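Residue-level listing of the chains:
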Amino acid sequence: MFACRLPLWRFSATCKLQQSGHFLPWNSCQMLSIKGINTTLGQEQQAGLKGKQELEDLEMPLARSETEALFHEQPETGNQYLEDALLQSYLKTHLPPKVLEEVHQDLERFGNRLHTKIQPLSWECELNPPVFQQYDAWGQRVDHIYTCSAWRRMKEISAEEGLIAEAYERRYSHWSRLYQAVKLYLFSSSSGGFSCPLAMTDGAAKVIESLGIPGSLKNAFDHLTSRDPQKFWTSGQWMTERRGGSDVANGTETVARKQPDGTYRLYGFKWFTSAADSDMTLTLARIADAEGQCTQGSRGLSLFFLRVRDEEGKLNSIQVQRLKDKLGTRQMATAELWLQGARAELISAEGRGVAAISNMLNITRIHNVIGAVASMRRMISLSRDYARKRVAFGKLLKDHPLHMQTIARMEVQVRGAFLLLMEIVRLLGLAETNLASEQEQLLLRLLIPVAKLYTGKQASAVAIEGMESLGGQGYMEDTGLPVILRDTLVLSIWEGTTNILSLDVLRSLVKSQGQVMAAFLSTVQKKLELASGTEELSPAVQRTREAIGRLQQFTAGVGSEKALTMELAARDFSYSLARIYTGRAMTGITQPWNGLGGKGPQNSSSITPAMGVSTIPAAPSPVQPGFGHFRDPGTATAALGTLCQGLPTLPGNNSFPISHPSLPSGSGKPFPVSCPSSPCPQSLSSSPGAPLGPGRGSELFLEPSLLQVNTPSSPSLAPE
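Here the structure is a predicted model, which means the values were calculated and not measured. (Residues numbered from 1 in each chain as written. Predicted model: local features only at pLDDT ≥ 70, side-chain atom pairs only at ≥ 80, totals over all residues. Heavy atoms only, no water.)

(A) Focus on the overall build of the chain. Scanning the chain for helices and strands turns up 21 helices and 12 strands. At a minimum sequence separation of 6, the contacts of the chain that also span at least 24 residues come to 72%. For the chain, the accessible surface area stands at approximately 31000 Å², while carbon and sulfur atoms represent 53% of it. (Helix = DSSP H or I, 4+ residues; strand = E, 2+ residues; numbered from the N terminus. Contact = heavy atoms within 4.5 Å. Areas by Shrake-Rupley, 256 points an atom, 1.4 Å probe, with all protein chains shown as cover.)

Take a look at the structure:
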């Protein structure tokens, strides 16, 4: 009952004949004596004789050394921090020198630990998912959830590395939140699913801090932010009930009854509780009055804190109905729970539960973005390494221009998403230390749902593309790639689906009376002014400005249009915001990409011929202190053009090619692919229409048919 779930491929490992290099039908292997299975002497003799005969009959004429070339070499990654040139470049550009020195040393150490110690634990978590025991051998109900030792070790590592503590200790002032996000980004793809409970733990700590850390919650806050593995707590977030997920106002049925000592007892059914093995949780419930009546709607919801178990380890009047059988994130226990008088503490003002828990939702959505960007980076790293090793059609994959173009397009997606993430956590750090301006706070309010909805879609697209880049091996369960895909698919669902978050974006515009959009436009325009100083960037800058003009026309009609029209435009509008802001952020890249990862030359965007691609000479560009820069303006032009996919339809030419600055002026010859320091020969040009991520991919020719966004006068949904 409690045996670890092993994948099917492990069963064949018990066949000794297969292990010896001789391949027999499985029915022949079944007849052999396998550990744990008793066979009679006659059966063993019969199996041995038959096996010997088949070995003689199937003796292969080819020498073993001649067949080894048929096997694929496994793609591998090393120190994730040292291999991430963009991450290092960003930190070098933005962090103060003293902070950078300390952070760099710790991240290099952490990268080594991830590679040598933590990554193997991640695979153990996948192979040994949680198991639920409802009754013991004597019929007593125990409701025990068993997790593997690797999962429990992940919790200890999280405390040791300060993955939650770092953000609240604020050793580096407002940079502490960004530093924490970087560690979580590196940890995510090696966490074995433990990033999810960390997201809710961070969110719970944020809620308690926003409440002023009242005395009754001081102990819980200290546990949530502890670096001591013996004291560290994780938290759940119990909001989803039987009626559904996002409609919390109408879906919450849990009732809270006040007790004489001032505490409450909760009664209800929580239909989807992630990390059910957590130490505590925050949850919503409706307080019943003396007559047992509850206020309906969001005004009737209050926020409660409760311990999952008491000091003796017994459940707090909670019964586990079952564990969820999920498509992905199988490493984590997600359960249906009955609350049958669970003791809880009211921590928000009565009826203000939704407002109080909003801080938790913001944090968990940011963690969702972290997971999305990390999964994309992981998939691209594996695809890139495989391209160095896999030979097809007489040469390595890295020497096939089309294959490298595909990886380059994925690279553009992950770079843009990474920079968008860094911008959000930078703004969050400023807000948490009271250093954010009003405009920065408004911008943060808008960017969180925009980034969450957009990167969630990007991650799934990149995961699928990455699997395809490994061919049939990418589809094999024991490579670990299907795990990445399955776990990625939840990112567009958890913490609000794409449509729900798109409506939240519109809501933020209306609620702020346009101030959120004004902050967005002002920030983008300032960055474009810096970029316009570089001649080679001017075409892309101009096109982005025209796209912004279309967005302004759209927002001008927000208050006057019918609700249906606005709702139909919400998703495409949100995608446009994401692409524009990401394009703005990509003018801050400071290191070129050399096509296969790693740092490029410090003062050149050249690609070495040893990589099997053409060399593109660098063009000098001015450095904007504090903002970063492209060392190759053509890189910025191509990248900025890439992120302008899906922007509003613009009048004028049906397409415009982005030319590389090394090409003769007015040649009209397009730069091969819209990616930093493209690894493809200049003789190739990209054609429009290749899908990747939300909307379209990284085409160079930007056609109006690909750039359509829904405006109030054009409510029809564009294809994704």
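(B) The arrangement of the pairing of strand β2 (residues 141-146) in detail. Looking at chain direction, strand β1 (residues 131-135) and β2 are connected through four bridges and run antiparallel. The residue bridging tyrosine 135 from the neighbouring strand is arginine 141, located in β2. Between β1 and the antiparallel strand that follows it, β2, lie five residues; glycine 139 among them carries a positive phi value of about 85°. (Pairing = 2+ DSSP bridges.)

(C) Expanded view of helix α16 (residues 481-489). With seven of its nine residues buried, α16 lies for the most part within the structure. Turning to α16, its buried residues are Leu481, Pro482, Val483, Ile484, Leu485, Arg486 and Thr488. Along its buried surface, α16 packs onto α6 (97-127), α13 (353-389) and α15 (438-469). (Buried < 20%, exposed > 50% of the residue type's maximum accessible area, 1.4 Å probe, protein only.)

(D) Here's a closer look at the packing of helix α14 (residues 401-432) against helix α20 (residues 563-585). Taken N-terminus to C-terminus, the directions of α14 and α20 make an angle of 90°; their axes are 9 Å apart at the nearest point. When the axes of α14 and α20 are compared, the pair comes out roughly perpendicular. Along the contact surface, α14 presents Gly416, Ala417, Leu419, Leu420 and Glu423, while α20 presents Tyr581, Thr582, Arg584 and Ala585. (Axes fitted to C-alpha atoms, helices over the stretch in contact; angles between N-to-C directions. Parallel < 35°, antiparallel > 145°, perpendicular 65-115°, else oblique.)

(E) Here's a closer look at the nonpolar core. Core analysis: the largest hydrophobic core is formed by 143 residues, its most contacted members being Leu91 and Phe520. By residue number, the principal contributor to this core is α13, which donates 17 residues. With near-sequence residues (within four places) excluded, leucine 91 lies in contact with Tyr81, Leu100, Val103, Leu107, Leu178 and Val182. Formed by 20 residues, the second largest nonpolar core is a distinct cluster that contains Ile145, Leu306, Val308 and Ile318. (Core = buried A, V, L, I, M, F, W, Y, C linked by side-chain atoms within 4.5 Å.)

(F) Broad picture of unusual backbone geometry. Of note, the phi angle at phenylalanine 393 is positive, near 55°, even though the residue is not glycine. With respect to the helices, strands and loops of the structure, phenylalanine 393 is situated in the loop between β11 (391-392) and β12 (395-396). Residue classification places phenylalanine 393 among the exposed positions, given a relative accessible area of 83%. Even without being glycine, asparagine 434 reaches a positive phi, approximately 60°. Within the secondary structure, asparagine 434 is located in the loop between α14 and α15.

(G) Geometry of the pairing of strand β10 (residues 335-346). The pairing of strand β6 (residues 264-273) with β10 spans eight bridges and is classified as antiparallel. Counterpart to leucine 266 in the pairing with β10 is alanine 342. Examined bridge by bridge, strand β8 (residues 301-307) and β10 share two bridges and lie antiparallel to one another. Each residue of the ladder has a partner; that of phenylalanine 305, found in β10, is glutamate 345.

(H) The arrangement of the pattern of salt bridges in detail. Throughout the structure, instances matching the rule amount to 41 salt bridges. With a shortest N-O distance of 3.4 Å, arginine 486 and glutamate 126 are connected by a salt bridge. Taken together, the positions of arginine 486 in helix α16 and glutamate 126 in helix α6 put the pair 360 residues apart, joining distant regions of the chain. Take arginine 486 and glutamate 126: they sit in the same class, and that class is buried. For aspartate 385, the salt bridge is made with lysine 389, and the minimal N-O distance between the two is 2.9 Å. Separated by four residues within a single helix, aspartate 385 and lysine 389 lie in helix α13, roughly one turn from each other. Given a relative accessible area of 10%, aspartate 385 falls into the buried group. Owing to a relative accessible area of 23%, lysine 389 belongs among the partly exposed residues under this scheme. (Salt bridge = Lys/Arg side-chain N within 4 Å of Asp/Glu carboxyl O.)

(I) Representation of the side chain of histidine 403. If you trace the backbone, histidine 403 turns up in helix α14. Given a relative accessible area of 15%, histidine 403 falls into the buried group. Apart from residues no more than four positions distant in its own chain, histidine 403 is found in contact with Ala387, Leu397 and Ser469.

(J) Molecular detail of the environment of leucine 224. Note that leucine 224 resides in helix α11 (residues 215-224). Excluding residues that lie within four positions of it along the chain, leucine 224 makes contacts with Ile164, Thr201, Ala204, Ala205, Ile208, Phe232, Trp233, Thr234, Ser235 and Met280.

(K) Highlighting the environment of methionine 517. Relative to the helices and strands, methionine 517 is located in helix α18 (residues 515-531). Of the residues examined, methionine 517 reaches a relative accessible area of 4% and is grouped as buried. If we skip the residues at most four places from it in the chain, methionine 517 touches Leu509, Leu551, Thr555, Phe573 and Leu577.

(L) Structural view of helix α5 (residues 85-94). Of all 10 residues in α5, seven are buried; the element is thus mostly enclosed. All of the buried residues along α5 are Ala85, Leu86, Leu87, Gln88, Ser89, Tyr90 and Leu91. In this fold, the buried residues of α5 make contact with α6, α9 (175-188) and α14.

(M) Representation of the packing of aromatic side chains. In this structure the tally under the stated criterion is 10 aromatic pairs. Here tyrosine 90 and phenylalanine 418 contribute two aromatic rings whose centre-to-centre distance is 6.1 Å and whose plane-to-plane angle is 90°, an arrangement assigned as edge-to-face. Highlighted residues: tyrosine 90 in helix α5 and phenylalanine 418 in helix α14, separated in sequence by 328 residues. With a relative accessible area of 7%, tyrosine 90 lands in the buried category. Overall, phenylalanine 418 belongs to the buried group, its relative accessible area being 2%. Between tyrosine 172 and tyrosine 179, the ring centres sit 5.9 Å apart and the planes meet at 70°, which makes this aromatic pair edge-to-face. Using a relative accessible area of 11% as the deciding quantity, one classes tyrosine 172 as buried. Taken together through their ring pairs, the aromatic side chains of Tyr90, Tyr185 and Phe418 make up a single cluster. Of note, lysine 324 hangs over the ring of tryptophan 271, and the distance from its end group to the ring centre comes to 3.5 Å. (Phe/Tyr/Trp six-rings, centres within 6.5 Å; stacked < 30°, edge-to-face > 60°. Lys NZ or Arg CZ within 6 Å of the ring centre and 35° of its normal.)

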